[in-house]
Amino acid sequence: MSWATVHAALAWYSGFVLLFFFSINSYYLALTIAGFSRTLRVFREVRRPDQRRLLRSPLTPPVSVLAPAYNEEANVVENVRSLLMLDYPLFEVILVNDGSTDRTLGRLVDAFDLRRSARSFEHTLRCKSIRGVYESPSYPNLVVVDKANGGKADALNAGLNLSLYPIFCAIDADSILEPDALLRLVRPFVDAPGVTIAAGGVVRVANGCDIHGGRIHAVRLPRRPLPLIQIVEYLRAFFFGRMGWSTGNSLLVISGAFGLFEKKTAVLVGGYATNSVGEDMELVVRMHRYRRERRQPYRIGFVPDPICWTEAPESLRVLRRQRTRWQRGLIDTLLRHRSMIGRPRYGTVGMVSLPGFLVFEMISPLVELSGYLLLPLLWVNGMLDFSLAWTFFVLSILYMVLVSALAILLEDLAFRRYPRVTDLGRLLVAAVLENFGYRQLTVWWRVRAFVEYLRGDLSWGAMERRGMVRTA
């Protein structure tokens with residue numbers, strides 16, 4: 001290969017990378033604008049007292065709260081107490097102990113005086129064997145299911161088999177819901193009954209908060225930089241990414257930590273896929289597909305004010321497991337449903353959101369990593385314009401910081417969970433620091449996820465918990 005060919009190839013690819021970065025920034029800008037305006041609009045709407053009265057009506061649909069748990073003894077009792085104290089007219093809590101090897105089940109039995117139950121149920125959805133069902137004379141709306149280990153999706157399917165109500169809420173057992181979170185999240189189902197089939201709420205990082213009695217008593221930022229940066233990521237992802245996509249009924253992701261679904265539709269599409277680590281996204285895409293193919297009206301939305309608090313990873317090792325799993329789940333879902341991509345039959349989902357996720361979420365880490373590797377090649381071949389490269393680098397960082405700053409501003413305007421000026425200052429500092437090392441590390445992990453996926457890796461990896469509960 002001649003030097004002229006090498007130069008031409010490098011010039012072409014460097015132009016492609018610049019075009020890609022321009023496109024991805026435009027993509028995020030569009031989501032930012034859509035998410036910002038819609039969040040403020042929804043925030044104004046939910047303050048209307050007539051809606052609050054409607055949501056507290058006994059006509060509000062009953063909900064089954066499904067909480068899979070695997071080795072969650074550090075938080076499980078307090079988190080179940082939190083769920084039992086939800087401000088909601090009629091609900092049941094079904095905690096599924098998915099073959100834990102620690103004292104998760106034992107702690108629940110002791111704390112809630114659980115006793116074996118003869119509760120009957122149908123195996124509508126396939127799941128691993130159920131070893132026992134427990135209920136409590138003191139807490140009539142609590143059910144604990146003990147089953148063989150099969151993974152989160154399998155545990156959710158087991159919970160669906162035992163659930164009584166037409167709507168179910170899927171959460172992580174290590175999460176804490178605010179008292180009115182379920183009441184707020186059900187709003188789309190009340191506004192459009194029979195049309196709304198799923199809705200997602202906001203997940204926030206609880207690290208650093210004062211928690212006891214199953215409640216967040218004081219919202220504080222963590223001292224450690226790693227969870228602090230993740231707070232900025234979560235604000236950006238939920239307020240702009242998911243809020244923006246919900247504008248055109250093309251939302252593809254409802255967090256497995258906090259989502260509300262119509263049970264009938266979830267069962268009709270086959271429940272959660274047990275052979276995927278992206279079971280939350282995969283179910284949402286399958287629900288889109290089911291309704292679109294039958295030309296049935298439906299709505300999958302996102303509500304920015306219901307809050308779920310969860311513990312974020314505090315070590316790079318655990319964070320790597322989480323991020324590679326998320327990327328593997330994304331790859332798996334897009335490949336499973338690749339026949340929907342670019343198909344007008346599937347509306348905005350097929351023509352906008354799926355192609356967007358394919359290019360800007362799945363492929364983007366490959367392009368970004370190649371861009372980093374391209375710089376030394378350009379320098380060796382005398383093709384690197386340092387002033388242009390520096391300008392591009394600075395503009396890229398400024399843009400990402402701007403988007404993060406807008407997310408922080410939106411949080412302050414609409415919800416103000418971090419009221420101190422010093423908190424806002426620390427979040428802004430974190431928004432800058434994430435561009436120097438942290439972002440590049442997560443890009444590398446997302447690239448590694450491709451290799452893991454090709455190897456058939458379906459593992460979750462151990463999500464080690466420090467325990468969010470404080471007794472102060």
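Here the structure is shown first, and the text comes after it.
So, a few notes on the structure that sits alongside this text. (Residues numbered from 1 in each chain as written. Predicted model: local features only at pLDDT ≥ 70, side-chain atom pairs only at ≥ 80, totals over all residues. Heavy atoms only, no water.)

## Let's talk about the sheet that holds strand β1 (residues 63–69)
Ordered in space as β3-β4-β5-β2-β1-β6-β11-β8-β12-β7, the 10 strands form an open sheet in which the pairing is mixed. Only two strands of the sheet have a single partner each, and these edge strands are β3 (115–116) and β7 (176–177). Note that strand β4 (residues 130–135) and strand β5 (residues 142–147) share five bridges and pair antiparallel. The residue bridging glycine 132 from the neighbouring strand is aspartate 146, located in β5. Running at roughly 160° to strand β2 (residues 91–98), helix α3 (residues 76–84) makes contact with β1, β2, β5, β6 (167–171) and β7 of the sheet. Together, β8 (196–205) and β12 (299–310) form the strand contacts of helix α8 (residues 225–246), whose direction differs from that of β8 by roughly 160°. (Pairing = 2+ DSSP bridges. Helix = DSSP H or I, 4+ residues; strand = E, 2+ residues; numbered from the N terminus. Contact = heavy atoms within 4.5 Å. Axes fitted to C-alpha atoms, helices over the stretch in contact; angles between N-to-C directions.)

## A short note on the side chain of serine 100
Looking at the element boundaries, serine 100 is found in the loop between β2 and α4 (104–112). Separated by 2.9 Å, the side chain of serine 100 and the backbone nitrogen of asparagine 71 make a polar contact. In this structure the side chain of serine 100 is engaged in a polar contact, spanning 2.6 Å, whose partner is the side chain of asparagine 97. Excluding residues within four positions of it along the chain, serine 100 makes contact with Ala69, Tyr70 and Asn71. (Polar contact = N/O pair within 3.5 Å; in protein donor to acceptor, adjacent residues only side chain to side chain.)

## What about helix α10 (residues 279–293)?
The end-to-end C-alpha distance of α10, which contains 15 residues, comes to 21 Å, matching closely the 21 Å that a straight helix rising 1.5 Å per residue would cover. Remark: arginine 295 follows α10 within two positions and exhibits a positive phi of approximately 55°. (Expected span 1.5 Å × (residues − 1).)

## Focus: the pairing of strand β10 (residues 215–218)
Strand direction decides the pairing type here: strand β9 (residues 210–212) and β10, joined by three bridges, are antiparallel. Bridged to isoleucine 211 within β10 is isoleucine 216. Taking the residues that link successive antiparallel strands as the turn, the β9-β10 hairpin has two residues, and the phi of glycine 213 there is positive, at about 65°.

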